[in-house]
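# Summary of structural features
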Amino acid sequence: MQRIGVFVCWCGTNIAATVDIDTVVEAMKYEPGVVHASDYQYMCSEAGQSKIKQAIKEHNLTGIVVCACSPRMHETTFRKAAKAAGLNQYMVEIANIREHCAWIHKDRKEATEKAVVLARTAVAKLNLNTPLTPGESSVVKRALVIGGGIAGIQSALDIAEAGYEVDIVEKQPTIGGKMAQLDKTFPTLDCAACILTPKMVDAASHENINLYTYSEVDSVGGFVGNFNVKIRKKARSVKADICSGCGICTEKCPSRKAENEFNLGLNKRGAIYIPFAQAIPNVPVIDRDQCIKFKTGKCGLCAKVCPADAIDFSQQDEIVEKQYGAVVLATGFNPIKLDNFDEFGYSQSKDVITSLELERIMNAAGPTGGKLLRPSDNGHPHTMVFVQCVGSRDTTGCGKTYCSKICCMYTAKHAMLIREKYPDVDVHVFYIDVRTPGKNFDEFYRRAAEDYGVNYIKGMVGKVAPTNGKLLVQGSDLIADRQLVIEADMVVLATAIEPDQTAKSLATMLTASIDTNNFFTEAHPKLRPVESPTAGVFLSGVCQGPKDIPETVAQASAAAVKVIGLLSKDKLMCNPCVANSNELLCNGCSNCQHVCPYGAIDYVEKEFRAGGKTSLRRVAQVNEAICQGCGACTVVCPSGAMDLKGFTNQQIMAEVDAICR
Amino acid sequence: MHQKTQLQAETIRLISGTNTRKCMKCGKCTASCPAFAEMDISPHKFVSMVEHGEIDKLMASKSIWKCMSCFACVERCPRGVEPASIIEAVRQTVIRKQNNNYLRPENIPELLDPKIPQQALVSAFRKYSK
Amino acid sequence: MTFDYYPGCTLKTKAKDLDIHARNAALALGIELEELPEWQCCGAVYPIARDEIATRLTSVRALASARDRGRELLTLCSACHHVIKRVNNDIQTDDEIRNKVNNYLAPDIEYNGETKVVHYLEMLRDTVGFDTIREKAVKPMTGKRIGAYYGCLLLRPNNVMAFDNPENPTIMEDFIRALGAEPVLYPYRNECCGGYVAMDDKNLAAQKCKNITSSALERDVDMLITACPLCMYNLDINTNTAEETKLPIYYFTELLAQVLDI
Ligand SMILES: Cc1cc2nc3c(=O)[nH]c(=O)nc-3n(C[C@H](O)[C@H](O)[C@H](O)COP(=O)(O)OP(=O)(O)OC[C@H]3O[C@@H](n4cnc5c(N)ncnc54)[C@H](O)[C@@H]3O)c2cc1C
Ligand code: SF4
Ligand code: SF4
Ligand code: SF4
Ligand code: SF4
């Protein structure tokens, strides 16, 4: 028989305001096995914990139930306290009477009744608990970073600096991400390439960093400390180890029809190309859909001109299989498609562009050599209109419900840069709100308006009508309460951003969670912002939510610290609540093996002796280091042989009985 | 808010089936409205004036007779507010009062020209009188 | 395939051209249009007010009758299409309206929005196929530059009408291509012509129509097409009075019949 102590926490008024604590304590005194019940204002405090410890010793308790907040908050705290008082830490049960009860009920009577039920359920389970001892697993001292934008690069550099090996997998032919496409960056207006390319070079040359560019993650197995990852290195059709990066091939390639994605289709590139001058690695890729040799069998000009003989038309995708202790997700974002926003005329006029396209037009290495030219006729624009919040803050299903966070600031940047370089250009900005929280951000925006004369209009654009070579921008000015039509030469849309399309499939592979917008979810929105709820998976950059570069880098370094903390351990404590099979009952049906998402179940042939006869049977065996305790196998086992330690079928039934009592 | 004005505002919300609180005051409705030049109260103000219970002013406004029910504001509103439905609700509230028709049968002959389609007459009557 | 056809009041009088050519062309394309018996005027404007029940009834009668005959309901006039399709949506999505309407009409079988409402253009695209029209074109309008005028009623609100991209529609342009002509995109093709306001404020409607036709003329169109008698009226009286804005405007079915040579 257990000797159980029940400790009911008030959580200040969080619980006590809705739950009558005395009633709960009183009710628990009569539950089977309970020998002690008491309450305290803050159980998690030092004083609260020592009350628990004292009671354990005084009453010789074999287990405790703490009625308090969610186990996600303080289960560890109370387990440690119990351990310090000599109990096995798995003899601790939490009844969540805060989130599951006090916070969601208004009626005190109802809430109190429910708290009693939750408490007695925990007691009923604890009566059947047995002490458990966690096993250990090893840690592979290498990290994988998925996505080579500024987020991925920063995380990788920090991890590498701490002495651990890091691989970056980047799906594009070069690392750098969106930042490589930007011109100047707010709030200090330093050139993006000037601050990014040194980091790219560092990443490429670091002895601990290994780049897999033009590569994708095919599959992920395993678990924290021991992820097993298959990486697909897509065929570049160029031998990276002998290519000197001279670029002759890219100049000579006669196919010139492909849209240059790096310049967002504002100009064309060859079938063999290097995305931009400072690309890393500086090795071209053949776009097989565009290459004449691949399409017709003729041409092969690049192979003829290559002085290094690096072109290899027969190259195949290559699969690399590697183990990692931790995974960092840094897959970033893309601007949304504007198909649902044709009132702005993006599909009807070349002179209506997205902000990212404007970055390329302003960039000295871009399609216009940094000159501000109207795409339709390469003329000089005299009037420009910026529209903020295009596709953001939209609850109709056409766009995104959230604020994209970066566009107010980059629009101020664009407006300012244009007014500085071309003071003859009139610049109007339509805004709903101007959101500038950040160090020196509001000052930056005001500078655009006050020092550079950017005309900020509180209102929205309803229609852009391309007419007579101009764009008639019909908008509202709510301060003046009027409608106005601006005859503009160019319209720039501050387009909403969304997570990269691959986020969803990666989330499935890693069992990491994503929110309704496909941003990766953090383990706790305030207290664990760079960890995914899945152990060993960390989040870096815009893939977790809209961010500018300073925030991205801060989060990237924070994620790196978490990875370093994990990799610095030699052993990880495993969860002892794992499945185990009763060999006498197992009939070797393989059901459990099929459902186990972690591949933790194997089969062995075993000798059994019954009735004087010896027979050989095939039975399931769980690898405790791999099992994550999800319980899927226990449900499918037809003979009831599979059980989960700490959550046995018996325990669950006892809980159900206690609820229904 | 006054009880009467509160009731009036509630009625408008009910008839129009809109939730005025969803408006984020972006002004895209007013930016889209093709009848703006003739209006005294702009579409976005209809939304906030219902919110503030200023129904009497809306009922006296010229805008309710100028709105063409083109739904441009409805289509482009990023929050699904439907200013056109609010304007219609105010218009209905006005013409449902006795002797308050905006268009009367006796006005018709002077409006007629040989090409006018039935549809124009029927719809104008539906919009302007009870 | 046979459709129940809802012509509407204007098509019986001022817009006979829209109607007669539609019937003839359908026949030539192997589509049978059977006029819905005892149809009544849809009311010409959709009753936006949610508490208006009486003004929804004629649409529901037509819808229920098509349902009972096991047919899809085919519309032609933009206004009828708009009204009937939206009332159908009300019945499908608004319990209060559905209950009140059924209480009032007391049909043998309650109407719950079962009927599919199809516009003539949708029928051409989905049932006949624009390619078929192209094949059957006897007198293709090669070389003609035609601007489609959509107006409001077919397109908005898109979440109910689901007709086409409301800001950049293509169905009429595809139709024009099927006629062998060249579609001309112009930005005001989905802006309002003034609608019923023309009865009260002629100037406002005139201004709106001027925006539309000058936007089309700037793109060098030879003619405009429309599916709506009211759009036709507004555009016609406001442009074809002055010489400099002169621009022929046709119902799309007129051109269809002409191309099929019937
Ligand atoms: C127009 C514009 C202007 C901006 N201006 C500024 C500015 O002035 N100042 C500022 O602070 N911020 C600015 N920003 C914001 C800045 O671009 C972002 O904060 C930053 O790029 C985020 O970096 P990231 O690494 O998280 O994402 P990204 O830059 O998107 O990088 C993600 C990388 O991951 C790769 N990837 C994605 N999925 C996979 C996959 N499945 N496998 C492998 N690789 C994958 C992508 O190819 C990409 O290289 C601007 C943004 C825009 C759109
Ligand atoms: S020509 Fe050869 S060496 Fe030069 S960039 Fe091309 S592949 Fe590399
Ligand atoms: S950051 Fe500014 S422009 Fe971008 S969505 Fe938010 S409010 Fe709109
Ligand atoms: S429905 Fe009325 S208020 Fe709305 S845009 Fe059209 S004319 Fe303006
Ligand atoms: S468009 Fe919608 S959200 Fe914006 S002001 Fe008008 S009603 Fe409000």
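Residues numbered from 1 in each chain as written. Chains lettered and ligands numbered in written order. Predicted model: local features only at pLDDT ≥ 70, side-chain atom pairs only at ≥ 80, totals over all residues. Heavy atoms only, no water.

## What about the pairing of strand S6 (residues 142-146) of chain A?
Residues and elements named next belong to chain A.
- For S6, a buried count of five out of five residues is recorded, marking the element as mostly surrounded by other parts of the structure.
- Both S6 and strand S7 (residues 165-169) contribute to a ladder of five bridges, which runs parallel. When the sheet's bridge partners are listed, leucine 144 is paired in S7 with aspartate 167.
- Two elements, S6 and strand S18 (residues 326-329), share four bridges in a ladder whose sense is parallel. Bridge pairing in S18 places leucine 144 opposite valine 327. (Buried < 20%, exposed > 50% of the residue type's maximum accessible area, 1.4 Å probe, protein only. Helix = DSSP H or I, 4+ residues; strand = E, 2+ residues; numbered from the N terminus. Pairing = 2+ DSSP bridges.)

## Comments concerning the site of ligand 5
Residues and elements named next belong to chain B.
- Near ligand 5, the surroundings consist of 14 residues, among which Cys23, Cys26, Gly27, Cys29 and Cys77 are the closest.
- Only helix H2 (28-32) and helix H3 (43-51) provide two or more residues apiece to the shell around ligand 5.
- Classifying every residue of the shell around ligand 5 gives nine nonpolar, two polar and three charged. (Near = heavy atom within 4 Å. Nonpolar A, V, L, I, M, F, W, Y, C, P; charged D, E, K, R; others polar.)

## A short note on a nonpolar patch on the surface
- On the surface, Phe647, Ile652, Met653 and Val656 of chain A cluster together to form a nonpolar patch covering roughly 330 Å² of accessible area.
- By secondary structure assignment, the location of isoleucine 652 of chain A is in helix H18 (residues 649-660). (Patch = residues over 30% accessible without salt bridge, like charges linked within 9 Å, V, L, I, M, F, W, Y side chains within 5 Å. Areas by Shrake-Rupley, 256 points an atom, 1.4 Å probe, with all protein chains shown as cover. Salt bridge = Lys/Arg side-chain N within 4 Å of Asp/Glu carboxyl O.)

## A short note on the domain arrangement of chain C
Residue and element names in this part refer to chain C.
- Per the domain assignment, the segments making up chain C are domain 1 (2-120) and domain 2 (137-260).
- The straight-line distance from the C-alpha centre of domain 1 to that of domain 2 is 24 Å.
- Each side of the interface is counted separately: domain 1 has 22 residues, and domain 2 has 18 residues.
- Of the roughly 1,700 Å² buried between domain 1 and domain 2, counting both surfaces, carbon and sulfur atoms make up 78%.
- When the buried surface of domain 1 facing domain 2 is broken down by residue, Leu18, Ser78 and His82 rank first, second and third, together holding 29% of it.
- Summed over the shared surface of domain 1 and domain 2, the number is zero salt bridges.
- The set of elements that each furnish at least two residues to the side of domain 1 that touches domain 2 consists of helix H1 (16-28) and helix H3 (78-93).
- When residues in the side of domain 1 that touches domain 2 are grouped by element, the largest group, seven residues, is from H3.
- A per-class count over the side of domain 1 that touches domain 2 returns twelve nonpolar, seven polar and three charged. (Domains from an automatic or database assignment. Contact = heavy atoms within 4.5 Å. Buried area = accessible area lost by both parts, 1.4 Å probe.)

## Regarding the interface of chain C and chain B
- With 45 residues of chain C at the contact, the number on the chain B side is 42 residues.
- In terms of surface lost to chain B, no three residues of chain C exceed Ile48, Tyr196 and Met199 of chain C, which account for 22% of the buried area on that side.
- Inspection of the region where chain C meets chain B yields eight salt bridges.
- One salt bridge connects glutamate 191 of chain C with arginine 76 of chain B, and the closest N-O pair in it is separated by 3.2 Å.
- Across the chain C-chain B interface, the total number found is 22 residue pairs in polar contact (both at pLDDT 80 or more).
- Secondary-structure elements contributing two or more residues to the side of chain C that touches chain B are H3, helix H9 (202-218) and helix H10 (229-239) of chain C.
- With five residues, H10 of chain C is the single largest residue contributor to the side of chain C that touches chain B.
- Class assignment of the residues belonging to the side of chain C that touches chain B gives a composition of 24 nonpolar, eight polar and 13 charged. (Polar contact = N/O pair within 3.5 Å; in protein donor to acceptor, adjacent residues only side chain to side chain.)

## Structural notes on the pattern of salt bridges
Residues and elements named next belong to chain A.
- Inspection of the entire model under this criterion finds 70 salt bridges over all chains.
- Linking lysine 645 and glutamate 624 is a salt bridge whose minimum nitrogen-to-oxygen distance equals 3.0 Å. Linking lysine 645 in the loop between strand S34 (642-644) and H18 with glutamate 624 in the loop between strand S33 (613-622) and helix H17 (632-636), this pair joins segments that are 21 residues apart in sequence.
- Looking at lysine 645, the relative accessible area reads 25%, which means it is partly exposed.
- Of the residues examined, glutamate 624 reaches a relative accessible area of 39% and is grouped as partly exposed.

## Considering the sheet that holds strand S20 (residues 352-354) of chain A
All names here are of chain A.
- One open sheet accounts for five strands, arranged S20-S27-S21-S22-S23; its pairing is parallel. Every interior strand has two partners, whereas the edge strands, S20 and strand S23 (455-458), have only one. Adjacent strand axes in the sheet meet at a mean angle of 25° when their direction is disregarded.
- Both S20 and strand S27 (residues 490-495) contribute to a ladder of three bridges, which runs parallel. In the strand pairing of S27, valine 352 is matched with valine 491.
- Each of strand S21 (383-390), strand S22 (426-431), S23 and S27 touches helix H12 (residues 407-421); the most contacted strand, S21, lies at about 170° to it. (Axes fitted to C-alpha atoms, helices over the stretch in contact; angles between N-to-C directions.)

## What to know about the nonpolar core
- Counting 140 residues, the largest nonpolar core has Tyr120, Leu124, Phe175, Phe252 and Leu256 of chain C as the members making the most contacts within it.
- The leading source of residues in this core is helix H7 (residues 83-95) of chain B, at seven residues.
- Composition of this core by domain shows at least three residues from each of domain 1 (2-120) and domain 2 (137-260) of chain C.
- When near neighbours in sequence (up to four residues on either side) are disregarded, tyrosine 120 of chain C contacts Ala22, Ala25, Ala26, Leu33, Leu74, Thr75, Leu76, Phe252, Thr253 and Leu256 of chain C.
- Membership of the second largest hydrophobic core comes to 43 residues, among which are Val66, Phe78, Ala95 and Leu126 of chain A. (Core = buried A, V, L, I, M, F, W, Y, C linked by side-chain atoms within 4.5 Å.)

## Concerning the environment of glutamine 621 of chain A
All names here are of chain A.
- One can find glutamine 621 in strand S33.
- Taking the C-alpha atoms as reference, glutamine 621 lies 9.7 Å from methionine 642; in sequence the two are 21 residues apart.
- The residues touching glutamine 621, leaving out its near neighbours within four places in the chain, are Glu583, Ala600, Ile601, Asp602, Val604 and Lys606.

## Description of the interface of chain A and chain C
- Listed as interface residues are eleven residues of chain A and, on the opposing side, nine residues of chain C.
- Carbon and sulfur atoms supply 43% of the area buried between chain A and chain C, which totals about 860 Å² over both sides.
- Counting the contacts that link chain A with chain C gives one salt bridge.
- Among the salt bridges present, the one from lysine 463 of chain A reaches glutamate 191 of chain C, with a minimum N-O distance of 3.3 Å.
- At the boundary of chain A and chain C, one finds eight residue pairs in polar contact (both at pLDDT 80 or more).
- Residues belonging to the side of chain A that touches chain C are distributed by class as follows: three nonpolar, four polar and four charged.

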